Amino acid sequence: MPDEARSSQEDAVVIPIGTGGRPGRGTGSARPSSAARNLSAARKPAPTPAPKRPRKKPSKPAEPSPAARARVDESTTETSGPAAAPTSTGAPTAGIPVGDWLAALQGAAEEIFGDDWERRAAELMAFARRRLEGDYEVDDYGFDRELTERFFMAALRPIAEKWFRLEVRGLENIPAEGGALVVSNHSGTIPLDGLMTMLAVHDHAHRFLRPLGADLVFQMPVVSSLARKGGATLACVEDAERLLSGGELVGVWPEGFKGIGKPFSERYKLQRFGRGGFVSAALRTGVPIIPLSVVGAEEIYPLVGNMPSLARLLGVPYIPITPFFPWLGPLGMVPLPSKWILEFGEPIRTDAYDAGEAEDPMLIFNVTDQVRETIQHTLFDLLRDRGGVFS
């Protein structure tokens, strides 16, 4: 074969597809010629390399001059000069002195808690620490004096002073020490009158009133625990006598659910006082009976109807219907701001009777009727003195 023909066949080598322009390396594969390599390079343009940016070395910040450092120190320590505005997050910026922020926080605390805010904050922290450590005392009935005074009374006080504008009369009839039995009328659909009486005795007579509650109170999960810690106990003769013998001030509402659940048309008309168990407890212990008349509670939830079927289903004495509940939902449970008056009457002495006379049913009936009539006549007098219901 001539030399020109061999040269033409060598130059006609085919480049396999899918190998990126590189010939196969298996057996029998031919090495491409320089002409083929030049042809492949001409078909696929070479990528243009990206220009390299010169890498800068981080420069070391220059040291401030002594004059600049003096100006910075002067701006951070001087409190009388103008300060930079605070950021939106409320955190102090570099231009505001720390002393100014502490002074502002102290001023806000004094405005909220008063001048003795430091003492109150320390007392609150000490109280929380004692509660967490279990360093507090309760009596045999579960009464927690510290919790009642710091939280229960503090929560009721604004309601009594601002909402009901509570007025208390006859405080001189409450003994400063020793046992006594406070007997009151019951009204209001929801027994807020018992709570207001406890607050009035605590704030004005500086004593704790130990209320006697119905069985339903101690059958409710949350209410039962709060009632025990607040000083309440079951309304039975045994507990009443034990508290009275121990020198406690005991409160009882003989009308029970008949008093708070009566319709608005029968307001301030006392219901039957039960069987006089509270009188027998007072006769056995020889403590005085203090009649209490409460005006204002009848108007907080005017009872105009009842749902007895639903009440029996839920196991409660009644389901009240008022002009606002259940029509307004939870808003209808807000009590109306009626004017309240509490008057403690003159004590009825029982120490003149023998202990054996506590079993005389006629004597118990007479003393019970005397207490009831005293409360009823005082209610009529207070209604005339009060004037407007919400004034």
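Provided above is the structure to which this section pertains.
Read on for a plain summary of the structure. (Residues numbered from 1 in each chain as written. Predicted model: local features only at pLDDT ≥ 70, side-chain atom pairs only at ≥ 80, totals over all residues. Heavy atoms only, no water.)

**What to know about the packing of helix 11 (residues 277–285) against helix 13 (residues 361–386)**
Defined as follows: Only the stretch in contact is used when fitting a helix axis, every axis being a line fitted to C-alpha atoms; angles between N-to-C directions are given from 0 to 180 degrees. Strands here are runs of E lasting at least two residues and helices are runs of H or I lasting at least four, both read from the DSSP assignment and numbered beginning at the N terminus. By the definition adopted for this analysis, an angle is roughly parallel if under 35 degrees, roughly antiparallel if over 145, roughly perpendicular if from 65 to 115, and oblique otherwise. Every residue pair with non-hydrogen atoms within 4.5 Å of one another is taken to be in contact. Gly falls in the polar group here, along with every residue not listed as nonpolar (Ala, Val, Leu, Ile, Met, Phe, Trp, Tyr, Cys, Pro) or charged (Asp, Glu, Lys, Arg).
Their axes nearest at 9 Å, the elements helix 11 and helix 13 cross at an angle of 105°. The pairing of helix 11 with helix 13 is recorded here as roughly perpendicular in orientation. Across the interface between the two elements, Phe-278, Val-279, Ser-280 and Leu-283 of helix 11 pack against Leu-363, Ile-364, Val-367 and Thr-368 of helix 13. A class-by-class count of the residues in the contact of helix 11 with helix 13 yields 6 nonpolar, 2 polar and no charged.

**A closer look at the nonpolar core**
Selection criterion: By convention a nonpolar core is built from buried Ala, Val, Leu, Ile, Met, Phe, Trp, Tyr and Cys residues, the set being connected through side-chain atoms within 4.5 Å. Per-residue accessibility, obtained with a 1.4 Å probe over protein chains only, is compared with the maximum for each type, and a residue is labelled buried under 20%, exposed over 50%, and partly exposed between these values.
Leu-181, Val-183 and Ile-289 are the most contacted members of the largest nonpolar core, which has 30 residues in total. Taken together, the elements giving at least two residues each to this core come down to strand 2 (180–184), helix 9 (237–245), strand 5 (249–252), helix 11, strand 6 (289–295) and helix 13. In terms of residues, this core owes the most to one element, helix 13, which gives 7 residues. In contact with Ile-289, not counting residues within four places along its chain, are Leu-181, Val-183, Val-279, Ala-282, Glu-346, Pro-347, Ile-348, Thr-350, Val-367 and Val-371. Counting residues in each nonpolar core, the second largest holds 26 residues, with Leu-156, Leu-249, Ala-297 and Leu-342 among its members.

**Considering unusual backbone geometry**
Geometrically, the link from Phe-325 to Pro-326 is a cis peptide bond, its omega value of 5° lying close to zero. Along the polypeptide, Pro-326 turns up in the loop between strand 8 (320–321) and strand 9 (341–344). Unlike most non-glycine residues, Arg-165 shows phi in positive territory, near 50°. On the secondary structure map, Arg-165 appears in the loop between helix 6 (145–163) and strand 1 (167–169). Positive phi outside glycine occurs at Thr-189, with the angle close to 70°. Inspection of the secondary structure assignment puts Thr-189 in the loop between strand 2 and helix 7 (192–205).

**Notes on the packing of aromatic side chains**
Spelled out, the test is: Think of it this way: a Phe, Tyr or Trp ring, Trp meaning its six-membered ring, pairs with another when their centres are within 6.5 Å, and the plane angle makes it stacked under 30 degrees, edge-to-face over 60, tilted otherwise. As a reminder, the over-ring test applies to NZ of lysine and CZ of arginine, requiring each to be within 6 Å of the ring centre and within 35 degrees of the ring normal.
This structure, assessed with the given rule, holds 3 aromatic pairs. Aromatic pair Phe-143 and Phe-208: ring centres 5.4 Å apart, planes at 70°, arrangement edge-to-face. Here Phe-208 lies in the loop between helix 7 and strand 3 (209–213) and Phe-143 lies in the loop between helix 5 (117–133) and helix 6, a separation of 65 residues in the sequence. On the basis of an interplanar angle of 70° and a centroid distance of 6.3 Å, the ring pair of Phe-273 and Phe-278 is categorised as edge-to-face. There is no split in this pair, since Phe-273 and Phe-278 are both buried. Cation over ring: Arg-267 sits above Phe-264, and NZ or CZ is 4.1 Å from the ring centre.

**Things to note about the pattern of salt bridges**
Opposite charge on two side chains allows them to pair when their charged atoms are near. Heads up, the rule is: By convention in these notes, a salt bridge is any Lys or Arg side-chain nitrogen within 4 Å of a carboxyl oxygen on Asp or Glu.
Applying the stated criterion to the full structure yields 16 salt bridges. Glu-146 serves as the salt-bridge partner of Arg-150, at 3.8 Å between the closest nitrogen and oxygen. Taken together, the residues span about one helical turn, with Arg-150 and Glu-146 both in helix 6 at a distance of 4 residues. Arg-169 is paired through a salt bridge with Glu-167; the nearest N and O atoms lie 3.0 Å apart. Classification of Arg-169 by relative accessible area gives partly exposed; the value is 26%. Residues joined in a network through salt bridges with shared partners are Asp-139, Arg-145, Arg-210 and Glu-248.

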